[in-house]
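Coordinates in review
This is what each chain is made of:
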Amino acid sequence: MESWRVTTFTCWRSPQSFSSDLVVNQLAGDCELWRQKPVRPSGRRQKPVRPSREEAETSETLWKEAETSETLWKEAETSETLWKEAETSETLWKEAETSETLWKEAETTLQENLDKKLFGQHLVKKVVVKAVKGFLSNSKSKKPLALSLHGWTGTGKNFVSRIVAESIYKSGLQSKYVHQFVATLHFPHAQNINTYKDQLQSWIRGNVTICPRSLFIFDEMDKMHAGLIDSIKPFLDYYELLDGVSYRQAIFIFLSNAGAEKITEVALDFWRNGKAREDIQLADMQNALSVSVFNNKNSGFWHSTLIDKNLIDYFVPFLPLEYKHVKMCVRVEIESRGYTVDEDILSRIADEMTYFPREERIYSDKGCKTVDAKLDYYYDF
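Scope of this entry: the structure provided in the associated data block. Position numbers for residues start from 1 in each chain and track the written sequence from start to end. The predicted origin of the model limits local features to residues at a pLDDT of at least 70 and limits the giving and counting of side-chain atom pairs to 80 or more, whereas totals for whole chains, interfaces and linings rest on all residues. Only hydrogens and water are set aside when side-chain values are computed; all heavy atoms of the structure are taken into account.

Remarks on the packing of helix 3 (residues 122-137) against helix 4 (residues 157-168)
Applied cut-off: With axes taken as lines fitted to C-alpha atoms, and helix axes fitted only over the stretch in contact, angles between N-to-C directions fall between 0 and 180 degrees. Runs of E in the DSSP output that reach at least two residues are strands. Runs of H or I that reach at least four are helices, and both are numbered from the N terminus. Angles below 35 degrees are treated as roughly parallel, those above 145 as roughly antiparallel, those between 65 and 115 as roughly perpendicular, and all remaining angles as oblique. Take the far helix as the reference: if the near one is turned anticlockwise from it by less than a right angle, the crossing is left-handed, and if turned clockwise, right-handed. In this description, contact between two residues means that some pair of their heavy atoms is separated by no more than 4.5 Å. Gly is put with the polar residues, along with every residue not named as nonpolar or charged; the nonpolar set is Ala, Val, Leu, Ile, Met, Phe, Trp, Tyr, Cys and Pro, and the charged set is Asp, Glu, Lys and Arg.
Where helix 3 meets helix 4, the closest approach of the two axes is 12 Å, and the angle between their N-to-C directions is 30 degrees. With respect to their mutual orientation, helix 3 and helix 4 come out roughly parallel. As helix 3 runs across helix 4, the sense of the crossing is right-handed. Residues Val124, Val128, Val132 and Leu136 of helix 3 lie in contact with helix 4, whose contacting residues are Val160, Val164 and Ile168. Considered class by class, the residues forming the contact of helix 3 with helix 4 number seven nonpolar, no polar and no charged.

Topic: the state of the cysteines
Rule in force here: Only a pair of cysteine sulfur atoms within 2.5 Å qualifies as a disulfide here. Type-normalised accessible area, obtained with a 1.4 Å probe on protein chains alone, sets the label of each residue: buried when under 20%, exposed when over 50%, and partly exposed for intermediate values.
Taken as a whole, this structure holds one disulfide when the rule is applied. Between Cys329 and Cys368 runs a disulfide, and the two sulfur atoms are separated by 2.0 Å. Between Cys329 and Cys368 the disulfide shows an S-S torsion of about 80 degrees. By sign, it is right-handed. On the criterion of sequence distance, the pair formed by Cys329 in helix 11 (residues 323-336) and Cys368 in the loop between strand 9 (363-364) and helix 13 (371-378) is long-range, its members being 39 residues apart. Pair check on accessibility: Cys329 and Cys368 agree, each one buried.

In short, shape yes, function no, at least from these values alone.
Following this line, the structure appears as C-alpha cells:
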C-alpha cells in the first residue's frame, strides 16, 4: 500500500513565526508544503557498485585524517583554554602581589602616623596596629574586624579612626568606602529606633556588597539608644555568607566615652603606687572595661549582644592625657601650621587647661581638644 510523504519545506522566515493556518494559506508563496504520491522508478533496478581497493583505502585514510584533525582541534581548544587560564592566573597573582604591597604600605603608614601624632597612648598604638595589620594581611578572616575605642573627650579616639581610614584608603574619611555615623545626628529620636535599625542594616548590606573592604565608624556610642546597635549583630558574626554577601573583610570602629571612669581609675592606681604609665597592660583594662561598658545604662552597648557574644575583637582604652602630653599636642599643632614654636606660649596654653583630680591635677579634662582654639588666640595666623 502506498504511503503519503510530506516534503521538507524551505522558508526564509522563522518557522516559529508561522501558525498552521498561515502555512496553509501560503502554499503558493515563499514556503512550499504539499503532499504528493511517491514516484515509482522506471527501468530495471541497478546493482550498487563496489568501490575499488584504492578508493576504499583512500576513504579510510581520509577518515583517519579527519579523526586526527578533530583530535588536533580539540587539543588546540584545550591549549587555548589553558593559556587563558594561565593568563588569568598570572593576572590574579599580580593583583595579589599588588594588594599585598598596598596592605604593607597601609601598615607602615598607620604605624608612622600614630608614632608622630598620637601622644600618651602606648596601648592604643600597640593594639590598633597589631589588630589592623593582622586583619589586612589575613585573606581568610572568619569575621569582620570590630574595634571599640573608649576614653575621655580629646584623648584621640576620632583622631585614630581618621588615621586608620587614611592608612587604608587614598581619600581617607572622604572615601566613598568609609561610612561615619554620629548617634545624635543620624539616630536622634528614640521612637524611630525600628526605622533606624532597618535603615542601618540596608546601608551596611548595600555598601559591603559594593566594596567588601568597607569601613564603618560609629561615633558617640555612649549617646546611642540602647538596642539599636544590636541590629548589626549578624554582620559582625562568624557567618561565611548572609544572603550571598560576605562581611568578613569589613571593619567596624566604635567610639565612646563610656568606660572612661574605669580607665582613669586604673591609671590613677598606677600613678599613686609609683608605677609608670607605660607599665599599664591591656590585660589590666580589657575585662574591666568591657564589663563597665556592658553595664552602663547610658551606653549604646548596654546589655548589647555584640559584647555578650564576644563580637568586639578589642576594647581599646585611651588613657587620660597628662600635662606633658598636652604640651606635645600644642607643639605639633604649631609646627603643622608652619610657625616657629614659642616655648613661652606653648607652656601658657598647657597651663590654661583644667586638670583633675582637683588635688593632684594630673590629667587634662579635655585632653587636647581645645588646643586649636587657644592657638588661634595666641598666634596671629
